[in-house]
Amino acid sequence: MNQALGKWLLAIGALFALSLPLAGRAQEPASADRQALIQAAQKEGSLVWYTSLAQKDSSKLIQDFEQKYGIKVTSWRSGDDNVLQRILSEAKGRAHKADVAQIQIQNMEALSREKLLERLDLPALNDLVPGAVPPHKEWAVAQITLFALAYNTNLLDSKELPKSYQDLANPKWKGKIGVEGTDYDWFDVVAQSLGGEAGLELFRQIKQRNDASVRTGHSLLANLVVAGEVPLALNVYQYKAVQLKRSGAPLDWAILEPALAFATGAGVLRNAPHPNAARLFYEYLLEDGQKVMGTLDNIPSNTKVPSELPRDNIRFIDVNHALDNRDRLEKQFDDIFVRG
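Keep in mind that this is a model prediction, so the values were computed, not measured.

**Regarding the overall build of the chain**
Part 1 of the argument: In terms of regular secondary structure, the chain is built from 13 helices and nine strands.
Part 2 of the argument: Referenced to the eigenvectors of the C-alpha coordinate spread, the extents of the chain come out at roughly 95 × 45 × 40 Å.
Part 3 of the argument: Buried positions account for 49% of the 340 residues belonging to the chain.
Part 4 of the argument: A separation of at least 24 residues holds for 76% of the contacts in the chain among residues at least 6 apart in sequence.
Part 5 of the argument: For the chain, the accessible surface area stands at approximately 16400 Å², while carbon and sulfur atoms represent 50% of it.
Part 6 of the argument: Seen as two clouds, the 39 positive and the 41 negative side-chain charges of the chain have centres 1 Å apart.

Here's what the structure looks like:
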């Protein structure tokens, strides 16, 4: 073969290769990379997950993951702030025990600020609902439930329900309203959506005219609605309302705008003792784990997973605003609902 012919054949071969579908050419290396990750994770054999998810929910995720990959998951569960403080304390003492964290997104952002999370630009991030991934990509939303208006169906008719927060100033709601007492960030977003100071003034009027029973614990508040002690609760977790209604309890729910999400985020700790197992579990939480989350009456954050609950126009809390203004927002909430 002469040199000119050889160059021509090489050129034709290169053009043919470029004409192949990109997905087809990338498929084998991507598949090989994932298989290598699974093998490395299985070699590590286990991981540790710190989470605020309810144990009955986290156990289903663990069971599904362990069955898929044969990797043992040990979980430690507590409240969101307790999980955050434990990770910070262990990091300060250089006792890195957790591989993956999953807590409310404000606290995940606090971990990011402390440089304790690993940036992972996973393909699954592109499939999540808008707003579920911060620009630094060190965590992503893995659980979504909306703040819902819950009411006792033996005491109230759906036709009577308020259509807006302004309706709650009506004297007919006197002595009937309940509020969960730690949701300062929910309160701030709602007040801002109602005009900032005008929203705060509206809630002052609601409290002064009609009062509001303040209770700590979203499940407690929902159960008080069922018992009839609180006929109308403003900020129950949607998944809890769905489950109680399904069980036959005299409770139903609705969403008042804005449709604000309570969300937990997941992320891999930068000094994870089992980095490969941690990455695999993180991917699982954002992909196959979202199918499990859907069966637990949460809204899947992965848009490839069908949802029986609405997920259009979901609004997430501004994590940086919530962190930077926490003391002020907590005081603002308490001044109106607790001391007002």
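**Concerning the packing of aromatic side chains**
How two aromatic rings sit relative to each other is set out by the distance from centre to centre and by the angle between their planes.
Part 1 of the argument: The full count for this structure, using the stated rule, is 17 aromatic pairs.
Part 2 of the argument: Seen in terms of ring centroids, Trp49 and Phe281 are 5.0 Å apart; in terms of plane orientation they differ by 75°. Their pairing is edge-to-face. Of this pair, Trp49 sits in strand E1 (residues 46-51) while Phe281 sits in helix H10 (residues 275-286), placing them 232 residues apart in sequence. Across the pair, Phe281 and Trp49 agree in class, each one buried.
Part 3 of the argument: Here the aromatic cluster, defined as three or more aromatic residues joined through ring pairs, consists of Trp49, Phe65, Tyr69, Phe281 and Tyr284.
Part 4 of the argument: Arg86 extends its terminal NZ or CZ atom over the ring of Trp76, reaching a point 4.1 Å from the ring centre.

Thresholds, definitions, all that
Residues numbered from 1 in each chain as written. Predicted model: local features only at pLDDT ≥ 70, side-chain atom pairs only at ≥ 80, totals over all residues. Heavy atoms only, no water. Helix = DSSP H or I, 4+ residues; strand = E, 2+ residues; numbered from the N terminus. Buried < 20%, exposed > 50% of the residue type's maximum accessible area, 1.4 Å probe, protein only. Contact = heavy atoms within 4.5 Å. Areas by Shrake-Rupley, 256 points an atom, 1.4 Å probe, with all protein chains shown as cover. Lys, Arg positive; Asp, Glu negative; His and termini not counted. Charge placed at Lys NZ, Arg CZ, Asp CG, Glu CD. Phe/Tyr/Trp six-rings, centres within 6.5 Å; stacked < 30°, edge-to-face > 60°. Lys NZ or Arg CZ within 6 Å of the ring centre and 35° of its normal.

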